[in-house]
Amino acid sequence: MEAVAFYIIAAIAVFGALLMITRRNPLAGAFSLVVSLIALAGIYAMLRAELIFILQILVYAGAIMVLVIFTIMLLNLREEELEEPPAGKIKTLIILAAVAFGCYGIIKVLSGAPDEVPRVPENFGSVEKVGELMLTSYLYPFEIISVVLLVAIVGVVLLAKKVI
Amino acid sequence: MERLADYIVYNLPFLQQIPRVIVDLIIMLFFATCMLLFWVALFAGITSWVERRVAGRIQSRIGPNRVGPQGFLQWIADGLKCFLKEDFVPAAADKKLFLLAPYIVFAGMFAVFVVVPFGDGLIISNLNIGIFYVLAISSLVVVGILMSGWSSNNKWSLLGGMRSAAQIVSYEIPVSLAILPVILLTGSLGMQDIIRAQGPYPWQWFAFHNPFTFIAFFIFFIGALAEGNRTPFDIPEAESELVAGYNTEYSGMRFVFFFFAEWANLYIIAALTVTLFLGGWNTPAHLYTNLFGLLHRSVDVAGTFVFILKSLFLVFVIIWIRWTLPRLRVDQMMDVCWKYFVPFSFANIVGTIIWMVLADAAPVLGYVRYILFVVGLMVPLAIAMKITRNFRLAKSEIHLNPFI
Amino acid sequence: MLAASKYAPVVLLFVIALAIPVLMIGIATIVGPRRLGVKKKVPFECGTEPIGDTRKRFSVRFFLVALLFIVFDVEAVFIFPWAVLFRQLGLFGFIEMAVFLFILILGLVYVWKKGALEWE
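Residues numbered from 1 in each chain as written. Chains lettered and ligands numbered in written order. Predicted model: local features only at pLDDT ≥ 70, side-chain atom pairs only at ≥ 80, totals over all residues.

Undergrad: Can you lay out the overall build of chain B for me, pointing to particular residues and giving the numbers?
TA: Within chain B one finds 13 helices and zero strands. Each helix and strand of chain B, placed in order from N terminus to C terminus, yields the pattern α-α-α-α-α-α-α-α-α-α-α-α-α. Excluding contacts between residues fewer than 6 apart, the proportion of contacts in chain B whose partners are at least 24 apart in sequence is 76%. (Helix = DSSP H or I, 4+ residues; strand = E, 2+ residues; numbered from the N terminus. Contact = placed C-beta atoms within 7 Å.)

Undergrad: Tell me about the overall build of chain A, and name the residues and values.
TA: Check the secondary structure of chain A and you find six helices and zero strands. For chain A, the residues scored as buried account for 27% of the 164 residues in total. Of the contacts made within chain A by residues no fewer than 6 positions apart, 54% connect residues no fewer than 24 positions apart. (Buried ≥ 20, exposed ≤ 12 C-beta atoms within 10 Å, placed from the backbone.)

Undergrad: Go over the interface of chain B and chain C, please, and point to the residues and values.
TA: Contact residues are listed per partner, giving 62 residues for chain B and 47 residues for chain C. Mapped onto the side of chain B that touches chain C, the elements with two or more residues apiece are helix H2 (20-58), helix H4 (95-111), helix H6 (155-186), helix H10 (252-277) and helix H12 (330-361) of chain B. By residue class, the composition of the side of chain B that touches chain C is 43 nonpolar, ten polar and nine charged. (Nonpolar A, V, L, I, M, F, W, Y, C, P; charged D, E, K, R; others polar.)

Undergrad: Just give me the short version of the interface of chain B and chain A, but keep the residues and values in it.
TA: Listed by partner, the interface residues are 19 residues for chain B and 16 residues for chain A. At the level of secondary structure, the elements contributing two or more residues to the side of chain B that touches chain A comprise helix H5 (130-151) and H6 of chain B. Here the side of chain B that touches chain A takes twelve residues from H5(B), the largest share from any one element. Each residue belonging to the side of chain B that touches chain A can be placed in one class, and the counts come to 16 nonpolar, two polar and one charged.

Undergrad: Now, about the packing of helix H5 (residues 127-135) of chain A against helix H2 (residues 60-89) of chain C: what can you tell me, with residues and values included?
TA: Running from N to C, H5(A) and H2(C) point in directions that differ by 75°, and their axes come no closer than 9 Å. Judged on the interaxial angle alone, H2(C) and H5(A) are roughly perpendicular. In this structure, H5(A) contributes Val127(A), Glu128(A), Val130(A), Gly131(A), Glu132(A), Met134(A) and Leu135(A) to the contact, and H2(C) contributes Phe80(C), Pro81(C), Trp82(C), Val84(C), Leu85(C) and Leu89(C). Of the residues belonging to the contact of H5(A) with H2(C), the class tally is ten nonpolar, one polar and two charged. (Axes fitted to C-alpha atoms, helices over the stretch in contact; angles between N-to-C directions. Parallel < 35°, antiparallel > 145°, perpendicular 65-115°, else oblique.)

Undergrad: Pulling in residues and values, what's your account of the packing of helix H8 (residues 211-227) of chain B against H10(B)?
TA: Residues and elements named next belong to chain B. Put simply, H8 and H10 touch, their axes get as near as 10 Å, and they point 165° apart. The angle between H8 and H10 falls in the class roughly antiparallel. Here H8 runs over H10; the crossing is right-handed. For the pair H8 and H10, the contacting residues are Phe217, Phe220, Phe221, Ala224 and Leu225 in the first and Ile269, Leu272, Thr273, Leu276 and Phe277 in the second. Residues of the contact of H8 with H10, tallied by class, amount to nine nonpolar, one polar and no charged. (Left-handed = near helix turned anticlockwise from the far one by under 90°.)

Right, dumping it as C-alpha cells:
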C-alpha cells in the first residue's frame, strides 16, 4: 500500500522534473518544477517528516517559485533568444542516467532483501520534536540562521538597489 | 472525524465486518464530497446573492430581485448560464497553462478545507500542523494566479496576476506573524487544540486575552482580506483599471471556478478568524457536557451551529467593508503591510511572551480580558450609534427589514 | 499508519478538488456552443486592437518583494516551532528567541532605512 503510494508520487516528481528540463519556454518549465516540488513534499509527508513537508510547500513550492517566476518575467527572455539545446550533451546525459540506474539495480539485487526496517519513534519529524532538537542540541546553528538571514536581507537590498 | 466514524460503525453493525481503514476512507470520501458539493457550492452561490443584495441596500438600490422570491434563485440562474457558455481560449494564449490554471487555484483553495473545523470532532483531518498547513497550501494559489495571468497573454491579466501575487506574498508575512501569539498561548498548531484552549465565554476568547492578541486579531483579519484580494485591497482586480484582473480572458465554467475559489476563500477567512481568535465552536453548554452525558450530541450540534453563525457574521462584515471603503493605492497597500503590520506583529510576539511571563507571576492581569471584552463590545455599539445618528441627520427612516 | 491515515484525506481532497472541476468543465464544453471567429480570439483590450507585445519586462519592485518575502517567510517558519515549545522551554527559550528576533528586526530596520520598502 505504502510502496504503491510512494511509486506514484515518485513518478509524478520525476515526470515534473523531466517536463521542466524539456520545456523550451522558461515559465512553462517553472510551472512544471512546481509539480515536482509538491510531489517531493508528498514523499516527506510519507516519511512522517511533517515540518519538512510544510517547509517544502511553504518555502519551495510557494516562496521560491514566486521568486523564480518574477525573475523570469524580469529578465523576459524570448524563445528566439535562447540557445539551441546541445544534442550531444543530452545523449551523454541519458546514457549516464541509464548507467546510474543500472548500478542501482545491481546493488539492489546484490544486497538482497532489506533487513529489519528501522522503526520510527513516536512523533518523529513532527514540529515539536524537530523544534526541541533545534532549540536545545542545535542551538548554535539555529542562532546562526538569524545571522544568515540578516546577510540575506542586506544582499537583497544591495542587489535590488543596483538594478534600480 | 474519528468520532463520527465510530458513531456510524456502531449504529450500522454490518460495517463492522469490513476493515476499519476502508470504512474510514469511505466515510471520509463521502463527507468530503458532501462538503464540496453542498457546503462550498451553496455557500459560494448564496453569498454571491447576499453580497449583491447587501450592496444594493448600501447603495440605495434594490439589487437582483427577479429570479425566485427576492431574487434568491439568481445564483442558480447565473451558474446555469455560465454552464451553457462557450469554453474559449484566446489565440495568443499558452493553451495548456491557460486551461490548467483554474484547477490549481480551485484545488489550492479547496485543500485548505481539510483542516477547517466545523465542530467538536467535525473536521476532515485534525493534522498536528493545522494552521501551518493552511499557510503552506494557500501559497500554492499564488502559482495558479500567476499561471492564469501569464498564460492569458493579455496585458490586464498579466498585470492583475503580478499585482495579486505581490500582494498575497507580502501579506503572508504579517498574517503568519499574527498567528504566532495564538500559537504561543496554545502550544500547539492543531486547529481543535487552538479552539479547546479558548473558553466558552466571549471574554475567554484569544481576541480578548491580552492587548497584543487584540491587535493581532485585527492584523490577521485585515491581512487575510488582503490575501483574499478583497476590497479595500482589490488592486489586482480593480475594475476601473484592469477590467477583471488575472481572470479577464476566462469564460464559462472556468471563470465560475475562479469565482468559486474566491467565495470559498471568504468562508475560509471567516472560519480561520473564528477558530484562532473568536472561540471556535465553544459554547457555554460545553461546560456542562460532563454533567449531562446524554446531551453530548446536541451540544456538538449547538457548537457547530454557533461556529457557522459566527463565521457567517464575519462574512457579512467582509461584504460590508467591501461596499463601504474605497480601494487603496499600490504604494499605500505596501506601506500598510511592511511599515505597520510587520513591525506591529513583531511587537505582538514579544509583548505576548512578556505578558505570559508576567501573568504567571501576577494573576491580576487575567482581569484585563474583561476590560478588552468591554472595549471589543464598544466597537459595534459605537458603529450602530453612528449609523442611527447618520440616519437621523439625513431625516430618513431606518428600514430593518432586509427585504424590500 | 496513524500519520499516513491523517494525510490520506489531504490526498483524497486534492483528487476530488481536481475531479469535480474536470467533470463540470468537461460537461460544459460538450453542452456549450462553439462559434469561433478571428476577432474573438484577439486578446481583450477594451475593444481596440492590442498595441505592442504583452510580454514586457516587469518592474524590479516585484522582484524585490519576492526576495523580501522569502527571507521573512523562512524566518517566520523558524519561529513557529519555538512558539509551540515556548511553555516547555521557559526563560531559556525566551532568551534564545530574543536574540533571534533582535537580529531579524535589525534586518527589517535596515531594509526600511535603505528605502527598499518604498514603492515608487
